[in-house]
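The lines below spell out each chain.
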Number of protein chains: 2
Amino acid sequence: MEVTNIKAYGTRAAEAPLNQLDINRRKPTPHDIEIDILYCGVCHSDLHTARNEWHGTLYPCVPGHEIVGKVKSVGDHVTRFKLGDLVGVGCMVDSCRECQYCQEGLEQYCEPGNTGTYSSPDKHLPGNPTFGGYSESIVVDENYVLRVPENLDLAATAPLLCAGITTYSPLRHWNVGPGKKVGIVGIGGLGHMGIKLAKAMGAHVVAFTTSQSKFEEAKRLGADEVVLSKDPEQMAAYRGKLHFMLDAVSAEHDVNAYLALLRVDGSLALVGAPEHPLPIAAFSVIMGRKSFAGSAIGGIAETQEMLDFCSKHNITSDIELINIQQINEAYERLLKGDVKYRFVIDMASLKG
Amino acid sequence: MEVTNIKAYGTRAAEAPLNQLDINRRKPTPHDIEIDILYCGVCHSDLHTARNEWHGTLYPCVPGHEIVGKVKSVGDHVTRFKLGDLVGVGCMVDSCRECQYCQEGLEQYCEPGNTGTYSSPDKHLPGNPTFGGYSESIVVDENYVLRVPENLDLAATAPLLCAGITTYSPLRHWNVGPGKKVGIVGIGGLGHMGIKLAKAMGAHVVAFTTSQSKFEEAKRLGADEVVLSKDPEQMAAYRGKLHFMLDAVSAEHDVNAYLALLRVDGSLALVGAPEHPLPIAAFSVIMGRKSFAGSAIGGIAETQEMLDFCSKHNITSDIELINIQQINEAYERLLKGDVKYRFVIDMASLKG
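Residues numbered from 1 in each chain as written. Chains lettered and ligands numbered in written order. Predicted model: local features only at pLDDT ≥ 70, side-chain atom pairs only at ≥ 80, totals over all residues. Heavy atoms only, no water.

## Topic: the pattern of salt bridges
All names here are of chain A.
Part 1 of the argument: Per the stated rule, a full pass over the model turns up 34 salt bridges over all chains.
Part 2 of the argument: We note a salt bridge from R26 to D32, for which the minimum N-O separation is 2.7 Å.
Part 3 of the argument: Using a relative accessible area of 1% as the deciding quantity, one classes D32 as buried.
Part 4 of the argument: The partner of D141 in a salt bridge is R97, with the nearest N and O atoms 3.1 Å apart. Pair noted here: D141 is in strand β8 (residues 137-141) and R97 is in the loop between β6 (92-94) and α2 (100-103), with a separation of 44 residues, a long-range link.
Part 5 of the argument: Each of D94, R97, K123 and D141 takes part in a single network of salt bridges with overlapping partners. (Salt bridge = Lys/Arg side-chain N within 4 Å of Asp/Glu carboxyl O. Buried < 20%, exposed > 50% of the residue type's maximum accessible area, 1.4 Å probe, protein only. Helix = DSSP H or I, 4+ residues; strand = E, 2+ residues; numbered from the N terminus.)

Following this line, the structure appears as structure tokens:
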């Protein structure tokens, strides 16, 4: 298969910092789209994968799955996109397309497993991993490419491809909308999107934070109420009151304290990924028939639905724009939670 | 309020064995039914409460919430029962009747809390706890009394009032029926009912046990397949295959191993009550949008529905009939799991 050599940013080992390297991209096949990458969001998964913290990372590793760009070329059979279109790529670039979950638009739960945007075996270039968005360009089958709305700030749109859909999908799945009281736990990259989206869906949004200093922020983002989660008295006032909770915390935390706030038949959906298992008391779920659930990104059609929803409601991520050369420093700040609320890389910096 | 003094079996302290004692029952008020108790099942909760293992036990404690008996007298305004009727009483004898959950027939999740059949403050006899079924008779508001079918073995019907409804309710709530593959984890007092009920609902039932010796038993009870849960190879064969799992294990166990067997959007509902919190890995629920849920008994209307279902399908519990004088020994055997599958007390032994 013919390839093109391009510039990227990545690492060859878990312990090494990211730096510039050359990678090969396949030349577009008939169903492919070649995308000139403009912006790429920085997701905590990028860091976990680059450092092999979830194990199984394929090196060299070029992270990045919040990609916004412009169509540079299209394969002969491409029908849905044309040169110059604004497009996005999220966490996956392919799936089996045949299992029942793919058929139902749940490609994120593809039975044999989907192809991750980075660090998955590349079907087209056997022996190579897929390479993500910290790069000049990417080649993706048109079925896994999203249409990016014209009315949104492009850089701030990039994080919608992962942080946006990761929060949008469970809010939709658990029927968040008017008349529902919804808790959003954690005000970070995911949580701040959760607040904006739940509010735009018409729910009454209660944000939970460990930090009094985030109260004003949470309200600015759209929260109707804010609760200091380490204050038992404030927590007790919400006991049995919430229809649904979105838990966007990646650090260790006591889920039982939040399950207590759910109404009968309520669900708490985890979208953060704490490293260690979370201890859940039997009575936390037995009393009130509650559910501790989880959710991963969203399907392709639902991701498009989310982008269209964001376009309509003028929702993007709050971001801090960086150059690719600042990525290692950004990772360190990410570890400290020192970002409001998502780093986005201006990929022009790689070309310069 | 006028009271009657009757014989019962109970304990005055967590450390003391159960022995005979006298208790007061109120004389039936206009909406009450006085029930001559024929049989009372022995639930693990009885032991937990008698020994104050869940804390908050009110002494003296007379356990027993799987009660089958005959109507001995009725209050003036009772409309639903008459003298001589076969009736049952389960885990609750009252609730607020006003909260939204009571209004919806979910009295088990009554917002201010329902009145437990034993060890709850007795509204009618202030300062006294309610006393359960290890006694000659009980007086209960007719709205919390169930009609017991005539075609079932009476002693074997008693455990339906707790073990039966505890398994029936989640199986119904999570839509178990034809075309569904359902896992039942643990083959004990609850689990053996789960197998029988899920099978009668038309599901394909897969039983999970830690003991090869229970394979034949599980099949006799109705399981289509049996899996040795400590054999990783047998477990792996069911990965992603089950629509729903009922987890009836009260001991510590690895829930993650079972969550892995659920299909996308599957739920595992815990009905056992392990003492310590269960560690659940984020990815166990995130991958496949799965739920770790719980469920407690069922509402009054649903309990009646369950009894009628059991009548129609000729389902009762497998029991070992004992005299009340054997209760302390039965508790010791219960702790060792040495019962197939439920002790039921022949209450005639108390009168003799």
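## A word on the domain arrangement of chain A
Residues and elements named next belong to chain A.
Part 1 of the argument: In terms of domain boundaries, chain A breaks down into domain 1 (3-162 + 318-351) and domain 2 (163-294).
Part 2 of the argument: Domain 1 and domain 2 are separated by 28 Å when their C-alpha centres are compared.
Part 3 of the argument: Taken together, the contacts link eleven residues of domain 1 with 15 residues of domain 2.
Part 4 of the argument: Carbon and sulfur atoms make up 48% of the area that domain 1 and domain 2 hide from each other, which totals about 990 Å².
Part 5 of the argument: Three residues, C162, D318 and Y341, lead the burial of domain 1 against domain 2; their summed loss comes to 57% of the area buried on that side. (Domains from an automatic or database assignment. Contact = heavy atoms within 4.5 Å. Buried area = accessible area lost by both parts, 1.4 Å probe.)

## Thoughts on the pairing of strand β5 (residues 86-89) of chain A
All names here are of chain A.
Part 1 of the argument: On β5, burial covers both faces: L86 and G88 on one face and V87 and V89 on the other are all buried.
Part 2 of the argument: Relative to β5, strand β4 (residues 67-74) runs antiparallel, the two sharing four bridges. In the sheet register, I67 faces β5, and the bridge partner there is V89.
Part 3 of the argument: Pairing of β5 with strand β9 (residues 146-147), which is carried by two bridges, proceeds in the antiparallel orientation. Residue pairing across strands places G88 opposite L146, the latter belonging to β9. (Pairing = 2+ DSSP bridges.)

## With respect to helix α4 (residues 163-173) of chain A
Residue and element names in this part refer to chain A.
Part 1 of the argument: α4 sits mainly inside the fold: nine of its eleven residues count as buried.
Part 2 of the argument: Among all positions in α4, only A163, G164, I165, T166, T167, Y168, S169, P170 and L171 are buried.
Part 3 of the argument: Turning to α4, the residues buried within the fold contact β10 (181-185), α5 (189-200), β13 (242-247), β14 (262-270), α10 (300-313) and β18 (342-346).
Part 4 of the argument: N175 sits one or two residues past α4 and shows a positive phi near 55°.

## Some thoughts on the nonpolar core
Part 1 of the argument: Judged by nonpolar contacts, the single largest core of 245 residues is most densely connected at Y134, F208, F292 and I327 of chain A together with Y134, F208 and F292 of chain B.
Part 2 of the argument: Contact partners of F292 of chain B, with chain neighbours within four places excluded, come to I280, V285, K290, S291 and F292 of chain A together with V255, L259, L268, L270, L278, I280 and V285 of chain B. (Core = buried A, V, L, I, M, F, W, Y, C linked by side-chain atoms within 4.5 Å.)

## Here we look at the relation of the copies chain B and chain A
Part 1 of the argument: When chain B is fitted to chain A, the residual RMSD is 0.0 Å, and the transformation amounts to a turn of 180° plus an axial shift of 0.0 Å. This pairing of chains is accounted for by a two-fold axis. The C-alpha atom lying nearest the rotation axis in chain B is that of P279 of chain B; the distance is 2.0 Å.
Part 2 of the argument: By residue overlap, the copies meet face to face through one surface: 100% of the interface positions of chain B are interface positions in chain A. (Least-squares fit on C-alpha atoms with pLDDT ≥ 70 in both.)

## Considering the interface of chain B and chain A
Part 1 of the argument: Contacts between the two partners involve 35 residues from chain B and, on the opposite side, 35 residues from chain A.
Part 2 of the argument: In total, chain B and chain A occlude about 3,000 Å² of area from one another, counting both sides; carbon and sulfur atoms represent 62% of this.
Part 3 of the argument: Linking chain B to chain A there are zero salt bridges.
Part 4 of the argument: Between the two partners, chain B and chain A, sit eleven residue pairs in polar contact (both at pLDDT 80 or more).
Part 5 of the argument: Where the side of chain B that touches chain A is concerned, the elements lending two or more residues are α2 (100-103), α4 (163-173), β14 (262-270), β15 (278-280), α9 (282-286) and β16 (291-294) of chain B.
Part 6 of the argument: Each residue belonging to the side of chain B that touches chain A can be placed in one class, and the counts come to 23 nonpolar, eight polar and four charged.
Part 7 of the argument: Strand direction decides the pairing type here: strand β15 (residues 278-280) of chain A and β15 of chain B, joined by three bridges, are antiparallel. Its bridge partner lying in β15 of chain B, I280 of chain A is registered against L278 of chain B. (Polar contact = N/O pair within 3.5 Å; in protein donor to acceptor, adjacent residues only side chain to side chain. Nonpolar A, V, L, I, M, F, W, Y, C, P; charged D, E, K, R; others polar.)

## Topic: the packing of aromatic side chains
All names here are of chain A.
Part 1 of the argument: Per the counting criterion, the structure on display carries ten aromatic pairs over all chains.
Part 2 of the argument: The interplanar angle of 75° and the centroid separation of 6.2 Å between the aromatic rings of F208 and Y238 together place this pair among those described as edge-to-face. Here Y238 lies in the loop between α7 (232-236) and β13 and F208 lies in strand β11 (residues 204-209), a separation of 30 residues in the sequence.
Part 3 of the argument: For F208, a relative accessible area of 1% translates into the label buried.
Part 4 of the argument: Using a relative accessible area of 12% as the deciding quantity, one classes Y238 as buried.
Part 5 of the argument: The rings of F208, Y238 and Y258 are connected pair by pair, giving a single aromatic cluster. (Phe/Tyr/Trp six-rings, centres within 6.5 Å; stacked < 30°, edge-to-face > 60°.)

## So, a nonpolar patch on the surface
Part 1 of the argument: On the surface, a cluster of nonpolar side chains totalling about 280 Å² of accessible area is made up of W54 of chain A together with F283 and M287 of chain B.
Part 2 of the argument: Tracing the backbone shows F283 of chain B in helix α9. (Patch = residues over 30% accessible without salt bridge, like charges linked within 9 Å, V, L, I, M, F, W, Y side chains within 5 Å. Areas by Shrake-Rupley, 256 points an atom, 1.4 Å probe, with all protein chains shown as cover.)

## A short note on the confidence of the model for chain A
Part 1 of the argument: In the predicted model, chain A carries a mean pLDDT of 97, and 100% of its residues have values of at least 70.
Part 2 of the argument: Scoring the predicted complex yields pTM 0.96 and, for the interface, ipTM 0.96. (pLDDT = per-residue confidence, 0-100.)

## What about α5 of chain A?
All names here are of chain A.
Part 1 of the argument: Taking 1.5 Å per residue as the helical rise, α5 with its twelve residues ought to reach 16 Å, and the 17 Å between its terminal C-alpha atoms agrees with that figure.
Part 2 of the argument: Looking at α5, one finds that the buried residues are G189, L190, G191, H192, M193, G194, I195, K196, L197 and A198.
Part 3 of the argument: Of the residues trailing α5, G202 is marked for its positive phi of about 100°. (Expected span 1.5 Å × (residues − 1).)

## Here we look at the side chain of S295 of chain B
Part 1 of the argument: Of note, S295 of chain B is situated in the loop between β16 and α10 (300-313).
Part 2 of the argument: Setting aside residues up to four positions removed in sequence, S295 of chain B forms contacts with V285, I286 and R289 of chain A together with Y109, S169, P170, W174, L270 and V271 of chain B.

## Some points on the sheet that holds β14 of chain A
Part 1 of the argument: Taken in spatial order, the twelve strands of this open sheet run β12(A)-β11(A)-β10(A)-β13(A)-β14(A)-β16(A)-β16(B)-β14(B)-β13(B)-β10(B)-β11(B)-β12(B), and their pairing is mixed. Looking along the sheet, the strands with just one partner apiece sit at the ends: β12 (225-228) of chain A together with β12 (225-228) of chain B. Direction aside, the axes of adjacent strands within the sheet are offset by 20° on average.
Part 2 of the argument: The sheet contact formed by β14 of chain A and strand β16 (residues 291-294) of chain A spans four bridges and is parallel. Residue S267 of chain A lies in a different strand from β16 of chain A, and its bridge partner there is S291 of chain A.
Part 3 of the argument: Relative to β10 of chain A, α5 of chain A is tilted by about 165°, and along the sheet it contacts β10, β11 and β13 of chain A. (Axes fitted to C-alpha atoms, helices over the stretch in contact; angles between N-to-C directions.)

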